[in-house]
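Coordinate inspection notes
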Amino acid sequence: MFSKIDSNFLIIKTGSINTNNAETILLKLLEKALPKNEGKPSEKLSGKTNPKICMISLKPIVSFEQIESAFYHSLKAFETNSNTTKNIQLELLLFLTAKKQLDKALDEMQLHGKDEIALLGFGANKNAIQKELKILEKEIKFKENKKLIQKNLKKNYNYFKKFFCITEKELFIIQTKNKFDGLQKAVLERIALTKIGER
């Protein structure tokens, strides 16, 4: 799936990997994302000069909207100089997990030899993003499955409630057509409040 947020394209692919080098590849991606000396700071961090790629565990993900919202808030953090980290991929992890401390966010995003993940690519050039993603997919033996997030939500409903500190009372107040929609909305609220208070 892809969407456009401000001047950036965001491409999200979900699936599974089969590699023992997942953590090494993840570190390389984060290393590659560190700001360089070319271009304006806002361009380097948002992916306007070159596409940025991020690989995350699906463990704390309840919806595609969660990823889109976290990406939006990460961009805004850099635009307003309220960012906590030095690159947007790390900032994204904070918002995705609604954590204030990076070490806690990284703990939740640990990858293993075989894992369900989301590949995220963003930047101003959609074709360039797709090209970078294709290279990475081959390297990590990525097998796409577009239904993983929905399956994950239903399977780990109670885990998500505990992880994001969401109570039954809160879900009742939200009043959606079903408990899964309520949980997704509550998580989006947590993301919006990530920079407020400690978690």
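Everything here concerns the structure above.
The model shown is predicted, which means the values in this text are computed figures rather than measured ones. (Residues numbered from 1 in each chain as written. Predicted model: local features only at pLDDT ≥ 70, side-chain atom pairs only at ≥ 80, totals over all residues. Heavy atoms only, no water.)

Below, the discussion takes up the overall build of the protein. Secondary structure assignment for the protein yields 10 helices and five strands. Here the protein, with 199 residues, has 48% of them falling under the buried criterion. Of the contacts formed within the protein by residues at least 6 apart in sequence, a portion of 74% connects residues at least 24 apart. Here the protein displays about 10,800 Å² of accessible surface, and carbon together with sulfur accounts for 51% of that area. (Helix = DSSP H or I, 4+ residues; strand = E, 2+ residues; numbered from the N terminus. Buried < 20%, exposed > 50% of the residue type's maximum accessible area, 1.4 Å probe, protein only. Contact = heavy atoms within 4.5 Å. Areas by Shrake-Rupley, 256 points an atom, 1.4 Å probe, with all protein chains shown as cover.)

As a general feature of sheets, a regular strand has side chains that alternate between the two faces. Side chains Ser3 and Ile5 project from strand E1 (residues 2-5) onto a buried face, and the interleaved Phe2 and Lys4 project onto a face without burial. Here E1 runs beside strand E2 (residues 8-18); their pairing, made up of four bridges, is antiparallel. Within E2, the residue paired with isoleucine 5 across the bridge is asparagine 8. (Pairing = 2+ DSSP bridges.)

Time to look at the packing of helix H3 (residues 64-79) against helix H10 (residues 179-192). At a minimum axis distance of 10 Å, the contact between H3 and H10 shows a crossing angle of 10°. With respect to their mutual orientation, H3 and H10 come out roughly parallel. Between H3 and H10 lies a crossing whose hand is right-handed. On H10, the residues that touch Glu65, Gln66, Ser69, Ala70 and His73 of H3 are Val187, Leu188, Ile191 and Ala192. Split into classes, the residues belonging to the contact of H3 with H10 amount to five nonpolar, three polar and one charged. (Axes fitted to C-alpha atoms, helices over the stretch in contact; angles between N-to-C directions. Parallel < 35°, antiparallel > 145°, perpendicular 65-115°, else oblique. Left-handed = near helix turned anticlockwise from the far one by under 90°. Nonpolar A, V, L, I, M, F, W, Y, C, P; charged D, E, K, R; others polar.)

Counting 41 residues, the largest nonpolar core has Ile56, Ile61, Ile67, Phe71, Leu96 and Leu120 as its most contacted members. Residue assignment for this core shows that the elements contributing at least two residues are E2, strand E3 (52-57), H3, helix H4 (88-97), strand E4 (114-123), helix H7 (148-155), helix H8 (157-163) and H10. Per-element tally for this core: the top contributor is H4, with seven residues. Listed in part, the 12 residues of the second largest apolar core include Ile11, Ile53, Leu133 and Ile140. (Core = buried A, V, L, I, M, F, W, Y, C linked by side-chain atoms within 4.5 Å.)

Turning to the packing of H3 against H4, a few remarks are in order. In a pair of packed helices, the angle between the axes and the distance between the axes together describe the arrangement. At a closest axis distance of 8 Å, the pairing of H3 and H4 adopts a crossing angle of 125°. In terms of axis orientation, H3 runs oblique to H4. Two packed elements cross with a definite hand, and for H3 against H4 that hand is right-handed. Counting all contacts with H3, which are made through Gln66, Ile67, Ala70, Phe71, His73, Ser74, Leu75, Ala77 and Phe78, the residues of H4 involved are Ile88, Glu91, Leu92, Phe95 and Leu96. Broken down by class, the residue content of the contact of H3 with H4 amounts to 10 nonpolar, three polar and one charged.

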